Amino acid sequence: MSRLSEIPIRVDFVPASLRQTDGISPAGVAILSEIESLLEQYQAFGRNGSIDLRWLSLLPGDLDRLHDVLGTGEVSAQVNALGMSTARETAIQCVWWVEHCGPEGESLGQWIEVTEVPSLLRSDRASIAYGLEALRDRIVSFGGESMKELPTVQGEQA
Amino acid sequence: MKTQETIFDVLQSRGVSRRAFMKFCTVTASTLALGSHEASVFAQALASAPRPSVIWLSFQQCTGCSESILRSFDPTLENLLLNYLSLDYHESLQAAAGFQAEAARKKAMADNIGRYVLIVDGSIPTGDKEYWSAAAGESNLEVLRDAVRNAGVVIALGACATFGGIPAAKPNPSQATGVDDLMTRGLIDTKPLVNVSGCPPIPEVITGTIAYYLANGQLPELDALKRPKVFYGKTVHDNCARLPHFNAGRFAQSFDDAGARQGHCLYMLGCKGPQTFNACTTMKWNQGTSYPMNSGHGCLGCSEPGFWDNSLGFYSN
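Scoring rules and cut-offs
As a convention, each chain's residues are numbered from 1 in the sequence order in which they are written. Here every chain gets a letter starting at A, and every ligand a number starting at 1, in the order they are written. The model is predicted, so local features are restricted to residues of pLDDT at least 70 and side-chain atom pairs to those at 80 or more, both for listing and for counting; the totals for chains, interfaces and linings are taken over all residues. Counting from the N terminus, the helices are DSSP H or I runs at least four residues long and the strands are E runs at least two residues long. Counting other C-beta atoms within 10 Å of its own, a residue is labelled buried from 20 upward, exposed at 12 or fewer, and partly exposed in the gap between, with every C-beta atom placed from the backbone. Once C-beta atoms have been placed from the backbone, residue pairs whose C-beta atoms lie within 7 Å are recorded as contacts. The span one expects for a helix is its residue count, reduced by one, times 1.5 Å. Any two strands with at least two DSSP-identified bridges between them are counted as paired. Under this scheme, a helix contributes an axis fitted over its contacting stretch, all axes are lines through C-alpha atoms, and angles between N-to-C directions fall in the 0 to 180 degree range. An automatic or database domain assignment provides the domain bounds reported here. Ten residues, namely Ala, Val, Leu, Ile, Met, Phe, Trp, Tyr, Cys and Pro, are considered nonpolar, four, namely Asp, Glu, Lys and Arg, are considered charged, and the remaining ones, Gly among them, are considered polar.

### Examining the overall build of chain A
- The secondary structure content of chain A amounts to three helices and five strands.
- Across chain A, helices and strands are ordered from the amino to the carboxyl terminus as α-β-α-β-β-β-β-α.
- The proportion of buried residues among the 158 residues of chain A is 18%.
- Considering only intrachain contacts with a sequence separation of at least 6, the fraction spanning at least 24 residues in chain A is 40%.

Right, dumping it as structure tokens:
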């Protein structure tokens, strides 16, 4: 390909009627419809869902509009794991807005999750063994004696 | 029988929390354009996948590929899999040297026959120039031939390992070439190969490719040049911020002129974006900061074969 005329041109035109400033764009409406559908599925079948906002073709201001429409709920949580992540409940029950950031604070992406509690916030029962090990080390380092080290109580020796 | 350690086991034992791992999986799944259900399956599969062994061989190269991916001392999402988990041999990073280093490489290969991930950066001299690049008495080609033989998958990383890069630019004094060409010519065994091209490649692309392989036991869909379609399926032109100006016929005439500052297309200044398949405009560089056209310079076409020789020069089209 060596000439301009050989370059396939993709028309990237947004009609003025769609560039609304007060309302929400068709892309935003589509996302809201998707959230509605995910909520119905979650209500009926308990199936979690999420929407990855990273690759959607949104107009400037669309995310702000979505924020406005979904509103702010009661819970806002931060998780510090390889950079900060935030999970904010929206005013719509079971709809969460999750954002992951890297160590330098750069945004890695935003997701809308439809669930009771985003999996990011849950503690992991399967990791208790590591937690127990750390706790026992701390007990010992603070001069205590780990239960694991204590002699078995009377009655268990039989 | 001892159960093989899984990726999640190893990460947890090294202090990486489940939440950090979930975050890695979420972002990587997004990078691979997986849907929400697929992303969940991907996370479960990756967590339970056995700890991989990664052997990284560097030949005629500038270390830019390693810098691109392993540049940080802090754990980042891009280097989590490599730094924390699996890198058994990397000449620039490992503490061992000399005979110890070579012994470590051979042990890792012997312990993981048919399963290890072999990453190659740098081109390989051939013919009567084979020994122009050698270490410990072995030519690059000999080391590569030995390592490829029992690899589970080979990842050619960067312009040099994929298509020859700068060392292979005319007049190519060392008769350098890339891994795929060596396989085609029968100079090394043919194994599953993925080309992650670019000078250097984007960190998330190599991480995403490895993660996909570990979770699925196979490579992602590749294009005709053996590059993952998910990352190399579109040209950088397709998602360039200057595309609307290209469509409207507005072109910068010189760097930093009024048009360039207003975002006009850099095609007239040599931008190779329309011919270059890569993910720079979607992934961006420096932790999502920017990409060349966004910073005022045209694309050099570094992820395409022979980018040093094929064009009219970096600044003309």
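### A closer look at helix α10 (residues 203-216) of chain B
Residue and element names in this part refer to chain B.
- Spanning 14 residues, α10 covers 20 Å between terminal C-alpha atoms, matching the ideal 20 Å at 1.5 Å per step.
- Extensive coverage of α10 is indicated by the burial of 13 of its 14 residues.
- A positive phi of about 70° marks Gly217, the residue just after α10.

### Remarks on the sheet that holds strand β5 (residues 107-114) of chain A
Residue and element names in this part refer to chain A.
- Ordered by their spatial adjacency, five strands build an open sheet running β1-β5-β4-β3-β2, and the pairing between neighbours is antiparallel. In this open sheet, the two strands that pair with only one neighbour each are β1 (49-52) and β2 (76-80). Here the strands of the sheet are splayed against their neighbours by 20° on average, with no regard to which way each runs.
- Along the sheet, helix α1 (residues 26-45) makes contact with β1, β4 (95-101) and β5, crossing β1 at roughly 165°.

### Some points on the sheet that holds strand β7 (residues 193-196) of chain B
All names here are of chain B.
- Strand order in the open sheet made by the five strands is β2-β1-β3-β6-β7, with parallel pairing throughout. Sheet topology places β2 (87-90) and β7 at the edges, where each strand pairs with a single neighbour. Going across the sheet, the axis of each strand differs from the next one's by a mean of 20°, ignoring polarity.
- Relative to β7, strand β6 (residues 153-157) runs parallel, the two sharing four bridges. Among the inter-strand pairings, Val154 is bridged to a residue of β7, identified as Leu193.

### Observations regarding unusual backbone geometry
All names here are of chain B.
- Backbone torsion omega between Lys170 and Pro171 reads 10°, so that peptide bond is classified as cis.
- Tracing the backbone shows Pro171 in the loop between α8 (158-163) and α9 (179-184).
- Going from Cys199 to Pro200, the amide bond is cis rather than trans, its omega being -5°.
- Structurally, the position occupied by Pro200 is in the loop between β7 and α10.
- Phi is positive for Asn172, close to 50°, though the residue is something other than glycine.
- Within the secondary structure layout, Asn172 lies in the loop between α8 and α9.

### Overview of the domain arrangement of chain B
Residue and element names in this part refer to chain B.
- Along its sequence, chain B is carved into domain 1 (51-231) and domain 2 (234-295).
- For domain 1 versus domain 2, the separation of C-alpha centres amounts to 30 Å.
- Contacts between the two partners involve five residues from domain 1 and, on the opposite side, five residues from domain 2.
- For the side of domain 1 that touches domain 2, a count of residues per class yields three nonpolar, one polar and one charged.

### Quick look at the interface of chain B and chain A
- Tallying the contact residues gives 24 residues for chain B and 28 residues for chain A.
- Contributing elements (two or more residues each) for the side of chain B that touches chain A: α2 (18-31) and α12 (243-247) of chain B.
- For the side of chain B that touches chain A, the leading source of residues is α2(B), giving eight residues.

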